[in-house]
Structure formats: C-alpha cells, structure tokens
Amino acid sequence: MILLPYTILPVYHNSKPKKHKTEVVDSSNSDTVVTLFAMAGGKRIETYEDFVKVHGLLLTASGLPRSLHYQLFQKLFSETFDGGVHFGIEPSDDGGRQRRLVLTSDFMAKESHVFLVDHAWTFRLSDAYKQLQEVSGLAERMAALMCVDIDLNSDAEETEEVVDRVSQQNGTKMSVLEAVESEIRSAKGNGDGTVRWLELEDLDIDDDTLSSLNLSSRFPGLLALSLCGNKLENVEIVAREVTKFEHLRALWLNKNPVVKKCDDQLADRVLQGLPRLEIYNSHFTAKFGGWALGFCGGVYEKDNPGSVHESDHQLESVSSLDLLNRCIHNLINKAFSPVEFPSLSYLNLRGNPLEQNSVADLLQVLKEFPCLRSLEVDIPGPLGESAIEILESLPKLSELNGVNASKILETGKHVIDSILQPRLPEWTAEEPLADRIISAMWLYLMTYRLADEEKIDETSVWYVMDELGSALRHSDEPNFRVAPFLFMPEGDLASAVSFTLLWPTQNVKNGDECTRDFLFGIGEDKQRSARLSAWFQTPQNYFIKEYAKHCQKQSKSLISPSVHSSATRSLHHTDGSPLRVYTDLPQVEEFLTRSEFVITSEPKDADIVWTSMQVDEDLKKAAGLTDQQYINQFPFEACLVMKHHLAETVQKAHGSPEWLQPTYNLETHLSQLIGDYYVRKRDGLNNLWILKPWNMARTIDTSVTDNLSAIIRLMETGPKICQKYIEHPALFNRKKFDLRYIVLVRSLNPLEIFLSDVYWVRLANNPYTLEKHSFFEYETHFTVMNYRGKFSHKNTPEFVTEFEQEHQVKWSEINLRVRKMIRSVFEGAAVVHPEMHSPRSRAIYGVDVMLDSSFQPKLLEVTYCPDCTRACKYDIVGEGGVIKGRDFFNDVFGCLFLNETTHVSPL
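> Honestly, the overall build of the protein in this entry has me stumped. Any pointers?
A count of helices and strands for the protein gives 30 helices and 43 strands. The contacts of the protein with a sequence gap of at least 6 include a subset with a gap of at least 24, amounting to 71%. Of the accessible surface of the protein, which amounts to about 40,700 Å², a share of 49% is contributed by carbon and sulfur atoms.

> In this structure, what is going on with the packing of helix H1 (residues 48–62) against helix H2 (residues 69–78)? I would like to understand it.
Packed helices, taken two at a time, are described by the angle between their axes plus the distance between the axes. Contact pair H1 / H2: the axes reach a minimum separation of 11 Å and the direction vectors enclose 110 degrees. Classified by the interaxial angle, the pair formed by H1 and H2 is roughly perpendicular. Where H1 abuts H2, its residues Tyr 48, Phe 51 and Leu 59 lie against His 69, Tyr 70, Leu 72, Phe 73 and Leu 76. Class assignment of the residues belonging to the contact of H1 with H2 gives a composition of seven nonpolar, one polar and no charged.

> I would appreciate a short explanation of the packing of aromatic side chains in the present structure.
Any pair of aromatic rings gets described here by the distance separating the centres and the angle formed by the planes. Summed over the entire model, instances satisfying the criterion amount to 44 aromatic pairs. Where Tyr 48 meets Tyr 70, the ring centres are 5.1 Å apart and the plane angle is 80 degrees; that geometry is what we call edge-to-face. Taken together, the residues Tyr 48 in helix H1 and Tyr 70 in helix H2 connect sequence positions 22 residues apart. Look at Phe 737 and Phe 803: their rings are 5.5 Å apart centre to centre, the planes differ by 75 degrees, and that puts the pair in the edge-to-face class. Of this pair, Phe 737 sits in strand S36 (residues 735–748) while Phe 803 sits in helix H27 (residues 796–807), and the two are 66 residues apart along the sequence. Each member of the pair, Phe 737 as well as Phe 803, carries the same accessibility label: buried.

> Whenever I open this one, empty space enclosed by the protein confuses me. Can you help?
With a probe scaled to a water molecule rolled over the atoms, the places where space remains empty come into view. Under the counting rule described, the total for this entry stands at five cavities of 30 Å³ or more. The space that makes up the largest cavity amounts to roughly 70 Å³. Split by residue class, the lining of the largest cavity holds six nonpolar, three polar and two charged.

> Mind showing me how you'd approach the environment of Ala 387 here?
Structurally, the position occupied by Ala 387 is in helix H14 (residues 387–393). Here Ala 387 falls in the buried class, since its relative accessible area comes to 0%. As for Ala 387 and Val 377, which are separated by ten residues in sequence, their C-alpha atoms are 9.6 Å apart.

> Looking at this structure, I do not really get the nonpolar core. What am I missing?
Generally speaking, nonpolar side chains in soluble globular proteins are found buried as a group. Among the nonpolar cores identified, the biggest contains 78 residues, and Trp 610, Phe 803 and Phe 893 are the most heavily contacted of them. No other element matches the nine residues that helix H28 (residues 811–832) contributes to this core. In contact with Phe 893, other than residues within four places in its own chain, are Val 581, Val 588, Leu 592, Phe 597, Ile 608, Trp 610 and Leu 898. Judged by nonpolar contacts, the second largest core, of 54 residues, contains Ala 120, Ala 530, Leu 670 and Trp 689.

> It is not clear to me how the pattern of salt bridges should be interpreted in this structure. Could you clarify?
As a working rule, side chains carrying opposite charge can pair if their charged atoms are close by. With the rule as written, the count across this model stands at 41 salt bridges. Residues Glu 236 and Arg 269 are paired through a salt bridge, measuring 2.9 Å at the closest nitrogen-oxygen approach. Pair noted here: Glu 236 is in helix H10 (residues 235–242) and Arg 269 is in helix H11 (residues 257–273), with a separation of 33 residues, a long-range link. For Arg 269, a relative accessible area of 30% translates into the label partly exposed. Its salt-bridge partner being Glu 513, residue Arg 473 comes within 2.7 Å of it at the nearest N-O pair. Residue Arg 473 is found in strand S21 (residues 473–474), and its partner Glu 513 is found in strand S25 (residues 513–516); the two are separated by 40 residues along the sequence.

> What is the right way to read the pairing of strand S27 (residues 579–583) from this model?
Within a regular strand, side chains alternate between the sheet's two faces. Judged by which residues are buried, S27 turns out to be one-sided: Leu 579, Val 581 and Thr 583 face inward and are buried, whereas Arg 580 and Tyr 582, on the alternate face, are not. Read from S27 through helix H20 (residues 586–591) to strand S28 (residues 597–599), the crossover connection turns out right-handed. Inspection of the sheet shows S27 paired to strand S29 (residues 608–610) by three bridges, in the parallel sense. Following the sheet pairing, Thr 583 is matched in S29 by Trp 610.

> How do you make sense of the sheet that holds strand S33 (residues 703–705) when you look at a structure like this?
Neighbouring strands of a sheet are bound in pairs by backbone hydrogen bonds; such pairs are parallel or else antiparallel. Taking strand neighbours across the sheet as the criterion, the four strands line up as S31-S34-S32-S33 in an open arrangement whose pairing is antiparallel. Of all the strands in the sheet, the pair left with one neighbour each is strand S31 (663–665) and S33. On average, each strand axis in the sheet is tilted by 20 degrees relative to the strand beside it, whichever way the strands run. Alignment of strand S32 (residues 689–693) against strand S34 (residues 720–724), held across five bridges, turns out to be antiparallel. Bridging across to S34, Leu 691 finds its partner in Cys 722. Strands S31, S32 and S34 of the sheet are contacted by helix H23 (residues 643–654), whose axis makes an angle of about 125 degrees with S31.

> What is the right way to read H2 from this model?
One turn of an α-helix holds 3.6 residues; hence residues three or four places apart share an orientation. Regarding H2, the residues found buried are His 69, Gln 71, Leu 72, Phe 73, Lys 75 and Leu 76. Those residues of H2 that are buried lie in contact with H1, strand S6 (115–117), strand S22 (480–487) and strand S23 (497–504). A positive backbone phi angle near 50 degrees is found at Glu 79, which sits one or two residues after H2.

> Please clarify how the sheet that holds strand S14 (residues 346–348) should be interpreted in this entry.
The mixed open sheet is built from five strands, whose spatial order is S13-S14-S15-S16-S17. The open sheet has two edge strands, strand S13 (320–322) and strand S17 (403–404), and neither has a second partner. Looking at chain direction, strand S16 (residues 399–400) and S17 are connected through two bridges and run antiparallel. Counterpart to Leu 400 in the pairing with S17 is Val 403.

Scoring rules and cut-offs
Residues numbered from 1 in each chain as written. Predicted model: local features only at pLDDT ≥ 70, side-chain atom pairs only at ≥ 80, totals over all residues. Heavy atoms only, no water. Helix = DSSP H or I, 4+ residues; strand = E, 2+ residues; numbered from the N terminus. Contact = heavy atoms within 4.5 Å. Areas by Shrake-Rupley, 256 points an atom, 1.4 Å probe, with all protein chains shown as cover. Axes fitted to C-alpha atoms, helices over the stretch in contact; angles between N-to-C directions. Parallel < 35°, antiparallel > 145°, perpendicular 65-115°, else oblique. Nonpolar A, V, L, I, M, F, W, Y, C, P; charged D, E, K, R; others polar. Phe/Tyr/Trp six-rings, centres within 6.5 Å; stacked < 30°, edge-to-face > 60°. Buried < 20%, exposed > 50% of the residue type's maximum accessible area, 1.4 Å probe, protein only. 1 Å grid on protein atoms, 1.4 Å probe; cavity = no way out; pocket = protein on both sides within 12 Å on 5 of 7 lines; lining within 4 Å. Points joined across faces, edges and corners; volume = space filled by probe spheres on them. Core = buried A, V, L, I, M, F, W, Y, C linked by side-chain atoms within 4.5 Å. Salt bridge = Lys/Arg side-chain N within 4 Å of Asp/Glu carboxyl O. Right-handed = clockwise from strand over helix to strand, strands pointing away. Pairing = 2+ DSSP bridges.

No statement about biological role is implied by the geometric values presented.
Given below as structure tokens:
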C-alpha cells in the first residue's frame, strides 16, 4: 500500500455508470491518505471471499464497519438502491433553497445498514461549463438538485402583484380608512378604547394620504406606529406627521421610498422631533430604555403595548432577551440592569457594535445579572476575541453561542458558534441556469483523482452525489457517514464502477434529520473552522481582524537587503583539460558543444552535475557524488521555486511590494485570505483570485474564481496558494501574455546574478475577457501552450516592436523595471535564507513575469531547471545581430563557469 492524500475510486459521467480502465484517488473531505491498487490479472468475483480479496484495501480505506461488508457485497451484486425505502427528502426551513434528508423508517440502529448512493454528475473542472450547456437535461437536473431553478425575487414580486390584482378585482383589499376604523374597534373591544399600537402596513399610503389622515389627533396616546411597505416619499411631510406623537416609543417606516432615498436626513428629523423614541426602523435609538427592551423580551406587543408612563414592573419576569441586530452602540444604561431584569437567563447581543462600551465595563455589567446562564455574542466582538476569556470573566455561564461552556473550555476554542447560517447561492432572474449551477455547485461537490499502476492523473475529477446523497446536510455531530467506493465485478480496473457508501454511525429514529460531517477527519490543526466558511456564513469580523493582523505583521517584517555583488573565480583544470559535465537533460547533452566542456556518462566522474533531479544526500550517496563537484542547484532553493515559499520569502524581505500580488498559503493562512476577501467585498473591490499548487508547473490544477466556497473547496485537491488575480493585464492584440526570463546565478554570497538576453513571450490563444464562463477556458486565461492547446511562437524582437506600436510605450523602460524586480527577488532570498549560499552551486532559474495594464511588472513564479526548448530552437534576430539558439547552453555555461558575459548582462 502506498500512502497519498487521497482514497481510491472510479468514474462515470452524467449519472450513467461507465467502465474505466483506471483507479480513482479520492480526496473528498478526508484527512486520510490511501492509494489502493487492484489485483493484477483478476478474475470475475463470484463469492464473498473473492469480493474481500479484491476490495480488502478499499474496504479498510472506506471506514465501513466490518459487520456491513457482507451486506455491501449483496447490494452491489444485486444492484440494490433501497435508500428511498428508508429516507425522505424535504425542503429545509429557508424557503426551499436547501433540502434535507430525514429517516422515514421507524428506527435505524447504529452501523446496521449500508446504502449505495449514485453519482449524478462527474466532470473535470475545465469541462464543467461546456457540459452544462451541451449535455441534454444535465443543467435542469443539477439546477433542481441544487435548488437554483427558482427565481426568488421575481416570483415574490409576481405573487404580490397577483394578490393585489385579485384583491382589487374582488374588492377585498382593505382601504386606509377601513384599517383605521378596524384598529379603533379592536381597541374598544380589548380595553379602554385608546389605541396605543397602530399598524398601517402595505396600504399604498402616499404623502398626501398621510397628511389627510390626521393620525395624531385621532390617536394622541400612540406608543408604536408601523407604516411599513407604503409609498411615502417626502421627508418634510413624513417627519412633520410622525413627530406629532409626543409619546411614541417605536416607529417603523421600513420599505418606503423615503427611507431608501433619504434615510439619514429623515432619521435626524425624526429623532430630533421624538425625544422619547426608543426604536426606529427596527434599530434601537440612543434613548432606548425599558420599553424597547421589553419589546425584545416579548412583554410589549400589539395586545399589550404598555403605558405612556414609566416602568410598570412587567420586565421583572423576563427571562429571555433577544437584542439581535438592534444596532446598539451603548448598552449600559439605567434600563438594562439586574434591577429591572432580575430573572434574565438568556441574552443575545449578536450584531451590535457596542463600540461606546469597553470590554471590561460590558463584562462587569453582565456579571451582575444573577440568573444569566446563556449568552450569544459576536466573537471577536464587543466582549473580546476569545470565548475562553469570556467564560473565565463570566463563570456563571453554562452556554456561550449555543455551545456548552465546559466543552469550550475543554476544547480550547477561542471562536465558537453553533448556529451558523448556511451559505446559500445568490442569482438574478436573468442569470442562465449554467451560471447559477457553477456558483452553487461548490456546496455539493466531492472530488477524486484518477490513477493507474504507473502514475496519478494530474487533473482532479469532481462529482455530485444523486438527490439522496446531496440532501445530507452538515453536522459537527453527524449520525451518518459517507465514503467513496470502487467496485470491480470482474476483479480488475477495466470493470470498475464507483459509488458512495452511506451508513448510520448513531441510532436514528423516525423523523430525525440525517447528517454527515462535510469535513470528516479534518480538525482545527487543518483549519476546520475556517474551512466551514465554504458552506456557512462564519463570523466576518473574526476573519477581517485576522487579515488586519496579517497586514500589520507584514509591514513590521520589512527587511532592507544590503547585498553587494562581486566576481567569483572561473573554473579550469591546471592541465588545461576540459571540464567534465554529467547531465540528464537532452538539450544540454546536444547543445553544449564548447571545447572547454565534455559530456561524461558517469556522475561520480563529473566536475559539473547538471540534472533535473533533486540532489539530496540519498542521491549523492547512490550516485557517488562528492562535495567537490559543482551542482546546478542551491541548498534550500525551495524558498524560490515553491510558490508558497516564494511568497513567504518576498514578504519577509520586502513586505508587500507592488510587484507581488497579495498571496496566501491556504494550508496556513486561510483565515487571513477569507478576511481579505470579505474586506474587498465590503469595499466593492474586485475579488477574482487564482489558485496554484505549491509545486506543480504548466498551470496544472490551477483555477481562477471569485467564489469563496470554490477557493476553500479547491484546497481538497492538494496544497495551494491563493493569489489575487491580475484582472487587468497588459494585452497583446487583445490577448493575455506573460514573459519567461532566464536568470543565471553564480553566487548568493556575494550576490552575483545575470539575466540572459534570451527571453520569450507566451501567448494565450483566445481574446481576453472577464466573463464568468471564460474562467474555465484554458486558452483564454493561461499562456503555457507547449503541453496543451494550440502552440504559436512569436519572435521576441517582433513582439517588442509590435507591443511598443500597439501601446505607445518604450520597452526599454519596462525592461528596466523587470530587471529591478528580478534583482529584488534574489536579494530577498539571499538575505532571508543565507543557508542558500554554497560555493559549489551554479544554477539557472526561469522567472515568469506579467505586466499589468499600467505596464508594471508582476512576479508570477520562479522555476528550477526551466524548460529551455524555445531558447535552443529559435534564433533571435534583433538590432544587435543574431543570437543562435544552438549556442544558448554554450553561453550559459560560459557565464556560470568561465566568467564570460556573452549574451547575458549582470543584474
């Protein structure tokens, strides 16, 4: 068995099982790393013993209890899909925008059943949009499965219009005067005839109608007035009429045009004219007191509006007080006290800034409530950044944010929440189904990677479980578990069919919701809480604060490199014999033709080892290498050539230079990335990001997205960085491009680096666009066409001339900026990682650069042992003459080992 961060599975497409001569390596929300290989030369499975023999490793990897193995065998061979007998799918409590799975059987014991779940859609990411458009019925099925086949806004508006039209036709819609008379009759029937609570909502009241009603004369003792959903527009008229109620405690003008257009102006007039107002448009005013608190505590309502006089002692019985999103700035006043609320046991302070109170003062006030046992509050927020510190300050609490206090203290979690709202997809009525699905699918997808006996596929496969499997929602304490499974009825990979297995991990009774852990096996050491943001609305303020701390740390870690250049000595044998070179690179072997060098087939006999392999101690020992030989790599060069280390090196050395896009290592800085995302969304900035694997070239497993759920879920296909996408690059003939430069490094201490005169442009094939569907088009957003897509070479001098003409710029000025940036990169590495220096190392690196629309260089990546096929294949014809491709490695070796500067320039 070989250990990898995935489990094995097969693939079929568009819900139809398909034999595939591959294995599947699965990484769907599991921290387990297992690769399973089928028996070579297998035979058809006829008995349970055969089944176990072929699938033993897979069964172990799945986690399916041994007691269910025989039941699984029976269901696979009989093709029994009996989930519908035991489960039901029903809408959740969010307007039908999610579904949930419930048990319809009377009872299901722990580990008593196993069910087969089919796969409804299987695809590679680059093919997703195309399949949705071209495969008949696929978009409709996925839209229904993901609950994006309804138009929420248009449906609501249409329904309202229909109701109004029918009401008018039937004469059933109540007029304003009828509503007023109805309120008066109701007040007379229920009490002294005084109306203190008046609701005139959705009655099409306009400014003239409001003036003519003369409500203040009819209802002088009014305490609460709601005019929601009308057609009020004039600030002067509305303010004049409502401020006539001298006893008014609550006023609701929500959903009126005047609020949308002139909210601040109207609020100022209303609050000045109503000094006793405690609630305005659902928010507490600065004058809030016992009435507003009593309203939120369920004491004051239409049937019990209270009195115009002060406290009537009804608050003493309040045990639960929900102050969610009341926009309270100062909580500490006479009304909010244990004297007024001696029985208070539950308090919800979420969504209130409370910035006028210190943490210490708030904690002191809360500590004085004798019965307070349950508290809900934003963390981080007005009570600090740590749940543990809050509990230590309020030791009487038994529950914080819906989580048992002892459990919080036991787990040591500082940010906790038990009632996270689901992250539901958003769309407009005009948005095509395919676009809606692309946004919503990240809430449902699982992933695996194909493999055979020789290699693992470089591109991951994603799949959606069928309607039953997709209805399983998340729980930190699930009662079911799922695992992918590869069934090989013929005993070999050619017959492989994939399923998802489902089985109960707890006792479940009729009507219980069936749940699974979306992040099974992933704990806080793998950023579990932050990764839940893919499916839930996690506390934004926590992530924004983490981002702020990250920015502050970067600004403080600025290093000013002071690296000086000098010359190293050239290499030569005292007897004048050529330097022996061992290489495994065909280009070096073919084109290194200078008489000063000779190729040898034995690494141990070489003066210079020029290899594409990682030279570590094991390789040195195996090949007989010594410390006296020159190697074409520097120690710890990973600080440059692995993308997450490169970003870290630059940030340590230079902070946040303009030439490096904001970059996050998702394995360690997911929270900071989420904070950056939220800040950009809040400020209306572009939120397009590119995800790149740590250590893979040629844009393998690289994605472009503006979807936060997608960013987090894409972590499942391997370690990545997330980098701000250059959404406005410089273009060449309307197409995206980047540049590959070759840097020659003789020494890092002293720093001695050169830039080859040979560099080349890499062009995308399609015109550049930011249309969402284009993010899946490789030939629009990526430029490496050597290995996929249509390759076209552009001679560098021709490109420079045409680019200068197209944009009216001087390439020489751009080139100076590029040179300065590349120098800074290697200076930073030399300062931050002095352990890189080795007197026996000489190397070349590829540096990929993009220009933004202001023609400023942006660093993309640095590559070890770069592919120099173009450098060797194409001659460069320019004003300075011809640089022969066949001489490229002659010039490289001449610079690195003979101290020459032919066709290179020092940086």
